[in-house]
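In case you want the letters, here they are:
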Protein chains: 2
Amino acid sequence: MSRRPTIMDVAAAAGVSVATVSKAVNGRYGVASETVDRVLAVVADLGYESSLIASSMRSRRTGVIGVLVADFEPFSAEILKGVGQALSDSRYDLLAYAGSRGAAEGWERRSLSRLSGTLIDGAIMVTPTVVNVGTEVPVVAIDPHTGPADLPTVESDSYGGALQATRHLIELGHSRIGFIAGRRDLRSSIARDAGYRRALADAGISVDPGLVGSGSYRQDAVRVAALEMLRRTDRPTAIFAANDISALEIVKVAGELGLDVPGHLSIIGFDDVPEAAKATPALSTVRQPMQTLGAEAARLLLTLMQGEVPPSTHIALPTRLVPRDTTAPPA
Amino acid sequence: MSRRPTIMDVAAAAGVSVATVSKAVNGRYGVASETVDRVLAVVADLGYESSLIASSMRSRRTGVIGVLVADFEPFSAEILKGVGQALSDSRYDLLAYAGSRGAAEGWERRSLSRLSGTLIDGAIMVTPTVVNVGTEVPVVAIDPHTGPADLPTVESDSYGGALQATRHLIELGHSRIGFIAGRRDLRSSIARDAGYRRALADAGISVDPGLVGSGSYRQDAVRVAALEMLRRTDRPTAIFAANDISALEIVKVAGELGLDVPGHLSIIGFDDVPEAAKATPALSTVRQPMQTLGAEAARLLLTLMQGEVPPSTHIALPTRLVPRDTTAPPA
DNA sequence: ATGAAAGCGCTAACAA
DNA sequence: TTGTTAGCGCTTTCAT
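Rules used in this analysis
- Residues numbered from 1 in each chain as written.
- Chains lettered and ligands numbered in written order.
- Predicted model: local features only at pLDDT ≥ 70, side-chain atom pairs only at ≥ 80, totals over all residues.
- Heavy atoms only, no water.
- Contact = heavy atoms within 4.5 Å.
- Buried area = accessible area lost by both parts, 1.4 Å probe.
- Salt bridge = Lys/Arg side-chain N within 4 Å of Asp/Glu carboxyl O.
- Polar contact = N/O pair within 3.5 Å; in protein donor to acceptor, adjacent residues only side chain to side chain.
- Helix = DSSP H or I, 4+ residues; strand = E, 2+ residues; numbered from the N terminus.
- Nonpolar A, V, L, I, M, F, W, Y, C, P; charged D, E, K, R; others polar.
- Pairing = 2+ DSSP bridges.
- Phe/Tyr/Trp six-rings, centres within 6.5 Å; stacked < 30°, edge-to-face > 60°.
- Buried < 20%, exposed > 50% of the residue type's maximum accessible area, 1.4 Å probe, protein only.
- Lys NZ or Arg CZ within 6 Å of the ring centre and 35° of its normal.
- Lys, Arg positive; Asp, Glu negative; His and termini not counted.
- UniProt positions renumbered as here; feature names shortened; annotations may be inferred.
- Least-squares fit on C-alpha atoms with pLDDT ≥ 70 in both.
- Near = heavy atom within 4 Å.
- Axes fitted to C-alpha atoms, helices over the stretch in contact; angles between N-to-C directions.
- Parallel < 35°, antiparallel > 145°, perpendicular 65-115°, else oblique.

A.B. asks: What exactly am I supposed to notice about the interface of chain B and chain A here?
C.D. replies: Many structure descriptions define interface size as the accessible area lost when the parts assemble. Each partner contributes residues to the interface: chain B has 58 residues there, and chain A has 58 residues. For the pair chain B and chain A, the summed buried area comes to about 4,800 Å², and 55% of that belongs to carbon and sulfur atoms. The interface formed by chain B and chain A contains 7 salt bridges. For Lys81 of chain A, the salt bridge goes to Glu275 of chain B, with nearest N and O atoms at 3.1 Å. Scanning the region where chain B abuts chain A turns up 16 residue pairs in polar contact (both at pLDDT 80 or more). Only α4 (52–59), α5 (74–86), β2 (93–98), α6 (107–115) and α11 (274–278) of chain B provide two or more residues apiece to the side of chain B that touches chain A. Class assignment of the residues belonging to the side of chain B that touches chain A gives a composition of 25 nonpolar, 17 polar and 16 charged. As paired strands, strand β2 (residues 93–98) of chain A and β2 of chain B are joined by 5 bridges and run antiparallel to one another.

A.B. asks: How do you make sense of the packing of aromatic side chains when you look at a structure like this?
C.D. replies: What characterises a pair of aromatic rings is the spacing of the ring centres plus the angle enclosed by the ring planes. Under the defined criterion, the tally for this structure stands at 4 aromatic pairs over all chains. On the numbers, 5.3 Å between centres and 35 degrees between planes, the contact of Phe179 of chain A with Phe240 of chain A is tilted. In this pair, Phe179 of chain A is assigned in strand β6 (residues 177–181) and Phe240 of chain A in strand β8 (residues 238–241), connecting sequence segments 61 residues apart. Overall, the relative accessible area of 0% leaves Phe179 of chain A in the buried class. Between the aromatic rings of Phe179 of chain B and Tyr196 of chain B, the centroid separation amounts to 4.8 Å while the plane-to-plane angle is 20 degrees, which identifies the pairing as stacked. One end of the pair, Phe179 of chain B, is in strand β6 (residues 177–181); the other, Tyr196 of chain B, is in helix α8 (residues 187–202), and 17 residues separate them in sequence. Since its relative accessible area comes to 0%, Tyr196 of chain B is described here as buried. Among the aromatic side chains, those forming a connected cluster through ring pairs are Phe179, Tyr196 and Phe240 of chain A. Above the ring of Phe270 of chain A, the side-chain terminus of Arg192 of chain A is found at 3.8 Å from the ring centroid.

A.B. asks: Mind showing me how you'd approach the side chain of Arg192 of chain A here?
C.D. replies: Residues and elements named next belong to chain A. Note that Arg192 resides in helix α8 (residues 187–202). Here Arg192 sits buried without a salt bridge, and the closest side chain of opposite charge, Asp271, lies 4.1 Å off (N-O distance). In terms of polar contacts, Arg192 uses its side chain to reach the backbone carbonyl oxygen of Ala242, at 2.7 Å. Among residues more than four places away in sequence, those in contact with Arg192 are Asp143, Ser158, Ala162, Phe179, Tyr217, Phe240, Ala242, Asn243, Phe270, Asp271 and Gln288.

A.B. asks: What should I look at first to understand unusual backbone geometry in this one?
C.D. replies: Comment: phi is negative for the bulk of residues other than glycine, and the bulk of peptide bonds are trans. Backbone torsion omega between Thr280 of chain A and Pro281 of chain A reads -5 degrees, so that peptide bond is classified as cis. By the element assignment, Pro281 of chain A lies in the loop between α11 (274–278) and β10 (285–287). Residue Val261 of chain B is joined to Pro262 of chain B through a cis peptide bond whose omega torsion reads 5 degrees. Within the secondary structure, Pro262 of chain B is located in the loop between α10 (244–256) and β9 (266–268). Phi is positive for Tyr217 of chain A, close to 65 degrees, though the residue is something other than glycine. As for its placement among the helices and strands, Tyr217 of chain A is situated in the loop between β7 (212–214) and α9 (219–230). Overall, the relative accessible area of 19% leaves Tyr217 of chain A in the buried class.

A.B. asks: What should I look at first to understand the UniProt feature "domain: HTH lacI-type" (unreviewed entry) in chain A in this one?
C.D. replies: Feature annotation in UniProt assigns "domain: HTH lacI-type" (unreviewed entry) to the following positions: residues 5–59 of chain A. What you have in residues 5–59 of chain A is 71% helix and 0% strand, and the ends, taken at the C-alpha atoms, are 20 Å apart.

A.B. asks: Would you explain the relation of the copies chain B and chain A in this entry?
C.D. replies: The pair of chain copies shares a relation made of a rotation about an axis and a shift along it. Expressed as a screw transformation, the operator carrying chain B onto chain A has a rotation angle of 180 degrees and an axial translation of 0.0 Å, and the superposed copies differ by an RMSD of 0.1 Å. What the superposition gives is, in effect, a two-fold axis relating one chain to the other.

A.B. asks: Which parts of the structure should I look at to understand the protein's contact with DNA strand D?
C.D. replies: The environment of DNA strand D is formed by 27 residues, the closest being Gly30, Thr35 and Arg58 of chain A together with Ile7 and Arg58 of chain B. Sugar plus phosphate: this is where 57% of the atoms of DNA strand D within 4 Å of the protein reside. At 3.2 Å from a phosphate oxygen of DNA strand D is found a side-chain nitrogen or oxygen belonging to Asn26 of chain B. Arg58 of chain B is positioned with one of its side-chain polar atoms (N or O) 2.7 Å from a base oxygen of DNA strand D. Secondary structure elements with two or more residues in the surface near DNA strand D: α2 (18–26) and α4 (52–59) of chain A together with α2 (18–25) and α4 of chain B. Looking at which element gives the most residues to the surface near DNA strand D, the answer is α4 of chain B, with 5 residues. Residue composition of the surface near DNA strand D, grouped by class: 10 nonpolar, 11 polar and 6 charged.

A.B. asks: Help me understand the packing of helix α1 (residues 7–14) of chain B against α2 of chain B in this model?
C.D. replies: Relative placement of two packed helices is described by the angle separating their axes and the distance separating the axes. Residues and elements named next belong to chain B. Closest axis-to-axis distance for the α1/α2 pair is 8 Å, and the angle between their directions is 100 degrees. Comparing the axis directions of α1 and α2 gives the class roughly perpendicular. Within the contact between the two elements, α1 uses Ile7, Met8, Val10 and Ala11 and α2 uses Val18, Val21 and Ser22. Tallied by class, residues from the contact of α1 with α2 come to 6 nonpolar, 1 polar and no charged.

A.B. asks: Looking at this model, I keep getting lost on the protein's contact with DNA strand C. Mind explaining?
C.D. replies: Ile7 of chain A together with Lys23, Gly30, Thr35 and Arg58 of chain B are the nearest of the 27 residues found near DNA strand C. For DNA strand C, the fraction of protein-proximal atoms (within 4 Å) that sit in sugar or phosphate groups is 59%. At a separation of 3.2 Å, a phosphate oxygen of DNA strand C approaches a polar backbone atom of Ser51 of chain A. Going through the elements one at a time, α2 and α4 of chain A together with α2 and α4 of chain B are the ones with two or more residues in the surface near DNA strand C. No other element matches the 5 residues that α4 of chain A contributes to the surface near DNA strand C. In the surface near DNA strand C, the residues fall into 10 nonpolar, 11 polar and 6 charged.

The following block contains the structure:
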């Protein structure tokens, strides 16, 4: 735990000024090559690395791209993998920041404001809801807020996916189909709700308000909503949950209620996070290409950072039905 | 893309000095409560957030824990989820940094040196190989280097896991069993190699050097080694790969060679990353509890950061055999 | 209770 | 070619 060497230590050891060290390290012109050699030798000897913080304070460019998330959960982890792959042979370092500790609401603005213009040259925000703050760097949103904020966006076809999920249940023969909604402030949540309703309408099934619950993508809220829905005497025979985490929680609740899945109750989720396939029984779901989402966002951001105009500033990716073991015809 | 407000903007708008703003924002004593109110009103109005960088430069404490990785690949992504969960109700923000762009070798030292003592209050390093640099903050290593560096460590029982994998193949009836090793600079890789040899020895099978290849966990190296091994006239009937990514690559190579898996060739990996279960055919493997690894590392780090002495500074977690569809008795 | 000023490690003008 | 110096935005003594 000794102190890391600073540029001053290097300068002292090499017998030059800090300015010269800076120039040598960053390959600027105007330094005698033998001086450069001497400085670099000292650098290697001391194991000096410039402080990202200090240099970014001064120079405003860091070679770092930030991915801002509320939390490192399965969804954002997949995004991260995709971003990492897309950037793997760029010259950028990647920094992922989860800054929702404590406050919860408004992490997007807080994180962006704390990092932008200083630590990162560009940002990808995952499911942001509030981004009306001034930014000094280009920003791309993945699966964003349903607001007027007009950030360049990458998302998947939530409406179509919800259509596929609900139709799948209908085709299996279900007609009492519940829906546990997600965060209503996300554009994608609204679209999944709309897809659900549309599929029912197409099949001539009217929406029973008692079969629509709000889960906000939070396990505790999902639990409450699912419990209420499943304790009804006219409970649904199938439920579409707005994401996998919610669906998995419903599977759990069903189990506690003594309901067999998919015997008594079919459940389908959305996302296809790794946990969905691994669950027992394996969760039926609608796959959205999370890694591709991340990769596309990275590419879009890179274009923006180069000051170029991207061919499209709003990318939508297709979804795919993945039936597994939690959906079956009603008993 | 307007400029973010700084503490100076707040000070000017509130008609006070920057020192007062700083005190008000950070809840220091010695500020009239009405002044505090006025300052906070301006803060809210302007949407001011202190720059993480600037404050960390001065104060040396940031409330941020760093996870340093070479890359965001499946293994480190799982670790990240575990760390995130363990820290979800701590007061710390989480920052993950992938800093191996370009340089490759020595990312650990570089990342640590660039961030420590300034941006982060503590660090978790994932599969680090070189950490002989001075750090100003506590560091915990996950699955580290095989060196004298004596960092607090969390890892899984690679030796036992390799034993399980190899025995599984032996029990299926295989005797020509190949091994594609991982990065030889990781302690865990050495242990997997040892476990492989031990299991063979226990079964009275001698190690054929032609059946041991080096993959370094890199797809291109794995491909070369697998190609060479599988083109032999006395090729193995089963291969144990030191991690899943390697195993998956071998499956691919086998396919290109017209070898049926597991008909002509059984393959087993190590890790059980999400991709293993999703592959076709689903990959047999040895599961190491990656999220738990991350969570334990986080807990250990927290203890260290509080200046306490942890009960143990070296944690080893058990592994579990997960037979799936790429292993079968030899034809 | 408030403010002036120093300084964290670094880079970029500008001088020498 | 090299060094001196002024900040970047913030926190923290130390005066006032």
